Amino acid sequence: MFRTLTKATVALVGSIALAACGSSDADTSAGASGDEGGGGGGTIAVITVDPSNPYWKAEVDTAVAEAEKLGYETTVDAHNNDADRQNQFIDGAISKQVDAIILDPAGADESVGAVQKATDAGIPVFLVNAEISEQGIAKSQIVSNNAQGATIGAEAWVEAVGGEGKYVELFGNPTDNNAQVRSDGYAEVLAQYPDLELVQQETANWDRAEGKAKMEIMLRAHPDIVGVVSGNDEMALGAIQALKDAGKLDQVTVLGFDGNPDAAAAVEAGEMVATVLQPIVDGTTLAVQQADAFLTDGETGASTEKQAIDCILITEDNVGQLDNFVMGG
Amino acid sequence: MSDTLAPERETRPAPPPQEPRRRRINLGNVLVEGRALVALAIIVVIFASLSPNYLQPDNLILMTRHVAMNAILAIGMLMVILNGGIDLSVGSTVGLSGVIAGYLLQGWDMPITQLVAYPPVWVVIIGAVALGALVGYVNGLLVSKLNVAPFIATLGMLYVARGIALLITNGETFTALQGEEGLGNTGFVTFLASAPLGIPMPVWFMVVFAVGFSLLLNRTAFGRWLYATGGNERAAELSGVPVKKVQTLVYVMSGFCAATVGLLLTADLPAATPRAGEFYELNAIAAVVIGGAALSGGRGTIRGTLIGAFVIGFLVDGLVLVGVSVFWQQVIKGAVIILAVAVDQLQQSFQKRRALRKVAASTNRPGSPSPA
Amino acid sequence: MTAVTETPTEAAAHEGDVVLRAVDITKTYGVTRALKGVNFDVRRGKVTVLFGENGAGKSTLMKILSGVEQPTGGVLELDGEPVTLASTTDAVDRGIAIIHQELNLCPNLNVRDNIFIGRELRTARGIDYGREAEITRGLMARLEEEISPDTLVADLRLGQQQIVEIARALAADARILIMDEPTSALSSAEVEVLFKVIDDLTASGVAIVYISHHLEEAIEVADHAVVFRDGDLVADRDAEGLTLPWVVSAMVGREADYDFRDASRDYGDVALRIEDVRVVDQEGGGRLAVDGVSLDVREGEIVALYGLMGAGRTELMEALSGREPFATGRALLGDTDLAPYSIQQRIELGIGLVPEDRQRDGLVQLMTVGQNLSLASLLGSVRRGLVSRKHERGGIEDQIRDVRVKTAGPEALITSLSGGNQQKVVIGKMLLTDPRVLLLDEPTRGIDVGAKGEIFSLLFREAARGLAVLYVTSEIGEALSAAHRVVVMSKGRVVREFDPRTCTREEVMAAAGETGADVHHTKEQHRE
């Protein structure tokens, strides 16, 4: 027996095995919507990394919403940072003769060929979130400034910690370029404080469960730490749980990165001192708008191909405005 | 019953003296498992000497909790491996069952009706575990009925289960798992993440699973059938063993174990994320293999598998505890797995040769010059 | 007990002709001694024929001569020099080629590639396919077979595949050519051609070693005959005076040590009734492996099913056990039609099979003697969901004693037993299920004479208690001395039945088609 709650609370008796289908959430389908935008009518392929991560989910949702607002149909694929699969999706987009590709590339070097192939096939490519190692192929490369983000995050964290004590770092997946960029960004700031000692650096592969397990063990080795800096929010959230279980959250200051909804909640609750929001929504919106402009006028409207958008620091002060990766008014 | 089956047992003469021989054979078995035990002992000694924290009771409990998750997965994996199969889908099943639990706890937005159902915790747990068993059942049917190679069937399920987890959550993480008093669905996290008598719940589960599956393997007909089908499926079939049923059931058990881990992991975080459990299958397989099981089936024990899980867990945590660099951790972990299995193979071929020599020596050879 | 007809001759007179000599060759597989010190010559330009029943050691010797296996003891001399044949390639390089009994072709490759596999004609620019094809066409012309070099072997019928196998051996330009059952799948016209090729080869000085179960055919082609029995070379002679009776008596030698012909014939009701059973040949070709067999076995009766390999006996056994899925006809156990029942259910009903291949189908090698014994009857020991160790152990120990397994104990690994004792365990396993009908497929293959006698006395003891036994054998002596009735199968059919007390070996062997007599005229005598 279990209780139910709706506008009228009803008690249900019986099994859970009711009909488990027939819900009418058609809003997930990428159909054609009203033709209110400028150019419109074509198809934009959105190729992202991993929609199971809320960050990339926001990227996809933004791209699809913006494209449909401008009157495009969309297709969505995810390559999970696998360059081979990215290649297949690019081939698929070429054979489907889409009008433009919005791509979150799988690796700076590995993706050059894929972008070149699409460009050769006459399909303009607009990169979001990460860049490729060559210029002049993609129409635009809109990235968030991870180094700048790490810097502002580290600065906020130092202020809270007080510039003194031992701390540990949770490092992202070592094969991911951003893990290194963010770690370097932290190091650059923190190196200026000689009384801050990095006692251990562990990878937790961006994963919450691993972050928690690694934190639990590190707390054994270094019970006197005052802070944790983490390459992303998921690992930071795992660390926070470990600190909670150990009853040490009030002595340790935790920094995240990404600004995901759970992290926002943690900032709001005072468990995480700050996180860094990548302007993924702004960047993706911009990329789709530039794609639309290019398809209509032949110009992206931006002065350079590479465009770096600064990250935003999320603290207790402004976390209230953050809603699913979007800073509201 | 004819008299072939029911001879007069009471009056039968005492069995020939065979105690010493039996002990010797058991000693051989102990040596095989002992290899993993020796590895574990070496690991403990090394890390204990490197870090005073390592052998502290609190740390041992913590590491055992980490081990427990993998150990439960490995017990399920052992069932499949004893059958000569492999289950690559357990990691995804961990994610799927956790997500289902999270979904039900957050309120089940029932289709068609405008109702949101809040099932009590026990329904959530049973539902999630049943789903894991169902995933295993599908694996089992694919393997036993459609003759899909276990590697392929469960590789496919790895993607399918992960995909369903993503579809259910729409990529998001469920964190509101505490339930509400008013809805009567509290207790999921407090129960599964509790530590009765100071021992964390996952460790209790590991103990219960180990005892239960040991009993299953050693004391039931099913257990014997499993060893027989893994050892020689054709012989088992001709002996009347329902080999297809056994084959299906081992995957159900593996799914059941994986779902249990999914619940424990979800309560531990506490958060239900669709990515949970990624690559867990690899650690589970490693534990089973380090524990002396043969990937070709028919050989392996719960005890060995537990030791295998402890070897991996105590090694990984030990490396973090003493602060070995991240990249070296991976190299060392891989080397230990390879070493453990290589030693196992060497030892087995040695034992086989010795046994053969013994048999050859004990068999009389008509016509050959008798050794004086 | 007849004495060995002739002792191995001193080959001094032919010394100059000997190209290959085996000196005191022994071969042991685990505990089985397949060859017990064999001396044997192969002569230039002559066909040496090897006779012997299954398991006599012929095939083992051939494997050693062709480098497939290495002898446990003894020396091989090639042209008077001791040699070690480490592999088949090694043997081929020294001019020894073999045509295997089991075809060793890759069905996914074409005829040309199969013929040149492992010794491709290489040039600087890769394989010279053109010349390979040319040579292949030449070989096919010689064998009077119109097979294109480009044909996939999988598309050839069995006889043609055997021709390809022969062509492959010819392509090696062997000085010594070993033919192990080369005619088993050939039509009589193809056999004629093969014999013509053999004549050509011997005329040009090639030494041929020839093995065939078809005795008359082999006598026809022989220049010299050698007879093997139980791993020993027991007799040999030249073509002169080589007759069928000589071969048969040398092959069978003495009668078996055991003789159960006078065992009780106190039969009960029909325990197993087989009516018009047909089994499709799994090898394909739409052939029937079992072609309308009908047969009754009564309680307490032991029936030997005698025939050549490929007569359909194993397929019939597997159909009765529930293993063979593509069977029609009826099989009644008492009054119960077995058709709808699985293997497991059939065992419960009271019919079980002791399979032909002990290692592949009979034993779980990783388990102990006790676990193997109780495997089929385990459910009977279950009490409240768990296996009662006491009950299981009781059954195991009784059975170890009853079937006289020589073992250190129930906990000993099954692989620590000799072949005969392993076989007793497989039989004991089925006896523990309390069967009404016991099927055995070649129950004495590869085990020593003593164990054979023990196994049959065990079967006769169980028969006296009412068990119906149907067993397959390829040994004529065994069929005649250890059965109440002998049923002969040939080409999927039951051709004739004999009373072992009144028939002769020659009659039975002729009925099985071993001596070339037309078997079909005896068909009307086949009782329903």
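Residues numbered from 1 in each chain as written. Chains lettered and ligands numbered in written order. Predicted model: local features only at pLDDT ≥ 70, side-chain atom pairs only at ≥ 80, totals over all residues.

> Quick question: what am I supposed to make of the overall build of chain B here?
What chain B contains, in helices and strands, is 13 helices and two strands. When each of the 372 residues of chain B is scored for burial, the buried share is 51%. Considering only intrachain contacts with a sequence separation of at least 6, the fraction spanning at least 24 residues in chain B is 78%. (Helix = DSSP H or I, 4+ residues; strand = E, 2+ residues; numbered from the N terminus. Buried ≥ 20, exposed ≤ 12 C-beta atoms within 10 Å, placed from the backbone. Contact = placed C-beta atoms within 7 Å.)

> Quick question: what am I supposed to make of the UniProt feature "domain: Periplasmic binding protein" (unreviewed entry) in chain A here?
When the UniProt feature table is mapped onto this chain numbering, "domain: Periplasmic binding protein" (unreviewed entry) sits at residues 44-298 of chain A. For the annotated span residues 44-298 of chain A, helix accounts for 48% and strand for 20% of the residues, and the straight-line distance between the end C-alpha atoms is 16 Å. (UniProt positions renumbered as here; feature names shortened; annotations may be inferred.)

> Help me understand the domain arrangement of chain A, please; the structure alone is not making it clear to me.
Accessible area lost when the parts come together is the quantity often used to give the size of an interface. Residues and elements named next belong to chain A. By the assigned domains, chain A splits into domain 1 (39-143 + 279-308) and domain 2 (146-277). If you average the C-alpha positions of domain 1 and of domain 2, the two centres end up 31 Å apart. In this complex, domain 1 contributes four residues to the contact, which on the side of domain 2 involves five residues. (Domains from an automatic or database assignment.)

> Could you clarify how one ought to interpret the pairing of strand 11 (residues 224-229) of chain C in this entry?
The two faces of the sheet receive side chains in turn, since in a regular strand these alternate between them. All names here are of chain C. Most of strand 11 sits out of view: six of its six residues are buried. Note: strand 3 (residues 47-51) against strand 11, four bridges, orientation parallel. Its bridge partner lying in strand 11, Val-49 is registered against Ala-225. Relative to strand 12 (residues 232-238), strand 11 runs antiparallel, the two sharing six bridges. Residue pairing for strand 12: Val-226 is matched across the bridge by Asp-236. The turn joining strand 11 and strand 12, which pair antiparallel and follow one another in sequence, is formed by two residues; a positive phi near 50° is taken by Asp-230. (Pairing = 2+ DSSP bridges.)

> Even after reading the chapter, I still don't get the sheet that holds strand 5 (residues 100-103) of chain A, so can you show me in this structure?
Residues and elements named next belong to chain A. Taken in spatial order, the six strands of this open sheet run 4-3-5-6-7-13, and their pairing is parallel. What marks the edges here is a single partner per strand, and that holds for strand 4 (73-78) and strand 13 (306-309). The average undirected angle you get between the axes of adjacent strands in this sheet is 15°. Relative to strand 6 (residues 125-129), strand 5 is paired through three bridges, and the arrangement is parallel. (Axes fitted to C-alpha atoms, helices over the stretch in contact; angles between N-to-C directions.)

> Could you clarify how one ought to interpret the UniProt feature "transmembrane region" (unreviewed entry) in chain B in this entry?
Residues and elements named next belong to chain B. Annotation from UniProt places "transmembrane region" (unreviewed entry) at residues 36-55, 67-86, 121-142, 149-168, 188-217, 248-267, 279-298 and 305-328. A helix fraction of 100% and a strand fraction of 0% characterise residues 121-142, whose end C-alpha atoms lie 32 Å from each other. Along residues 188-217, the helical share is 73% and the strand share 0%, with 31 Å between the first and last C-alpha atoms.

> Looking at this structure, how should I read the sheet that holds strand 17 (residues 336-337) of chain C?
Each strand in a sheet pairs with its neighbour through backbone hydrogen bonds, running either in the same direction (parallel) or in the opposite one (antiparallel). Sheet architecture is open: four strands sit in the order 14-13-16-17 (chain C), paired in antiparallel fashion. One side of each edge strand has no neighbouring strand; the edge strands of this open sheet are strand 14 (288-298) and strand 17 of chain C.

> I would appreciate a short explanation of the interface of chain A and chain B in the present structure.
Taken together, the 38 residues of chain A in the interface contact 36 residues of chain B. Elements represented by at least two residues in the side of chain A that touches chain B include exactly strand 1 (2-5), helix 1 (54-69), strand 9 (196-203), helix 6 (208-221) and helix 7 (233-246) of chain A. Among the elements that line the side of chain A that touches chain B, the one with the most residues is helix 6 of chain A, at ten residues. Of the residues in the side of chain A that touches chain B, the class split is 18 nonpolar, ten polar and ten charged. (Nonpolar A, V, L, I, M, F, W, Y, C, P; charged D, E, K, R; others polar.)

> How should I be thinking about the environment of Asn-170 of chain B in this particular structure?
All names here are of chain B. Relative to the helices and strands, Asn-170 is located in the loop between helix 5 (150-169) and helix 6 (188-192). In this structure Asn-170 comes out as partly exposed when scored by C-beta crowding, with 14 C-beta atoms within 10 Å. Taking the C-alpha atoms as reference, Asn-170 lies 45 Å from Asn-232; in sequence the two are 62 residues apart.

> Is there a simple way to explain unusual backbone geometry in this structure?
In this structure, the amide linkage connecting Leu-269 of chain B to the following residue, Pro-270 of chain B, adopts the cis form with an omega of -20°. Inspection of the secondary structure assignment puts Pro-270 of chain B in the loop between helix 10 (243-268) and helix 11 (280-290). In this structure, Asn-147 of chain B takes a positive phi of about 55° despite not being glycine. Note that Asn-147 of chain B resides in the loop between helix 4 (121-144) and helix 5. With a phi close to 50°, Arg-384 of chain C is a non-glycine residue in the positive phi region. With respect to the secondary-structure elements, Arg-384 of chain C resides in the loop between strand 19 (382-383) and strand 20 (386-387). Judged by local crowding, Arg-384 of chain C falls into the exposed class, with 5 C-beta atoms found within 10 Å.

> What is the right way to look at the nonpolar core in this model?
Soluble globular proteins tend to pack their nonpolar side chains together in the buried interior. Ala-236 of chain A, Ile-72 and Leu-73 of chain B together with Val-469 and Val-508 of chain C are the most contacted members of the largest nonpolar core, which totals 322 residues. Contact partners of Leu-73 of chain B, with chain neighbours within four places excluded, come to Val-90, Cys-257, Ala-258, Val-261, Tyr-280 and Ala-284 of chain B. Listed in part, the 36 residues of the second largest apolar core include Val-60, Val-64, Leu-127 and Ala-291 of chain A. (Core = buried A, V, L, I, M, F, W, Y, C linked by C-beta atoms within 7 Å.)

> Sorry, what's going on with the confidence of the model for chain A here?
Do not read the fine detail of predicted coordinates wherever pLDDT is low. In this model, chain A carries a mean pLDDT of 83, and residues with pLDDT of at least 70 account for 87%. Taken together, the stretch residues 1-39 of chain A has pLDDT below 50 and engages in 60 contacts with residues farther than four places along the chain or on a different chain. (pLDDT = per-residue confidence, 0-100.)

> What should I look at first to understand helix 7 (residues 201-219) of chain B in this one?
Count 3.6 residues to each turn of an α-helix, and residues three or four apart come out pointing the same way. Residues and elements named next belong to chain B. Taking 1.5 Å per residue as the helical rise, helix 7 with its 19 residues ought to reach 27 Å, and the 26 Å between its terminal C-alpha atoms agrees with that figure. If you check which residues of helix 7 are buried, you get Pro-202, Val-203, Phe-205, Met-206, Phe-209, Phe-213 and Leu-217. Down the axis of helix 7, the buried set is contained in an arc of 150°. They therefore lie on one face. Opposite the buried face of helix 7, at more than 90 degrees from it, the exposed residues are Val-208, Val-211 and Gly-212. (Expected span 1.5 Å × (residues − 1). Arc of directions from axis to C-beta.)

> Mind showing me how you'd approach helix 6 of chain A here?
Compared with the 20 Å implied by 1.5 Å per residue over 14 residues, the 20 Å span of helix 6 of chain A between its first and last C-alpha is a close match. The element helix 6 of chain A is largely enclosed, with a buried count of eleven among its 14 residues. Looking only at helix 6 of chain A, the buried set comprises Arg-208, Ala-209, Gly-211, Lys-212, Ala-213, Lys-214, Met-215, Glu-216, Ile-217, Met-218 and Leu-219 of chain A. Residues of helix 6 of chain A that are buried sit in contact with strand 8 (165-171), strand 9 and helix 7 of chain A together with helix 2 (57-82), helix 10 and helix 12 (302-321) of chain B.

> Just checking my understanding: could you explain the packing of helix 4 (residues 146-161) of chain A against helix 5 (residues 177-190) of chain A for this structure?
Two packed helices can be described by the angle between their axes and the distance between those axes. All names here are of chain A. In the contact formed by helix 4 and helix 5, the axes pass within 8 Å of each other and the chain directions differ by 45°. When the axis of helix 4 is compared with that of helix 5, the two are oblique. Both helix 4 and helix 5 take part in a crossing whose hand is right-handed. Residue-level inspection shows Asn-146, Ala-147, Gly-149, Ala-150, Thr-151, Ala-154, Glu-155 and Val-158 of helix 4 in contact with helix 5, the latter providing Asn-178, Val-181, Arg-182, Gly-185, Tyr-186, Glu-188, Val-189 and Leu-190. For the contact of helix 4 with helix 5, a count of residues per class yields eight nonpolar, five polar and three charged. (Parallel < 35°, antiparallel > 145°, perpendicular 65-115°, else oblique. Left-handed = near helix turned anticlockwise from the far one by under 90°.)

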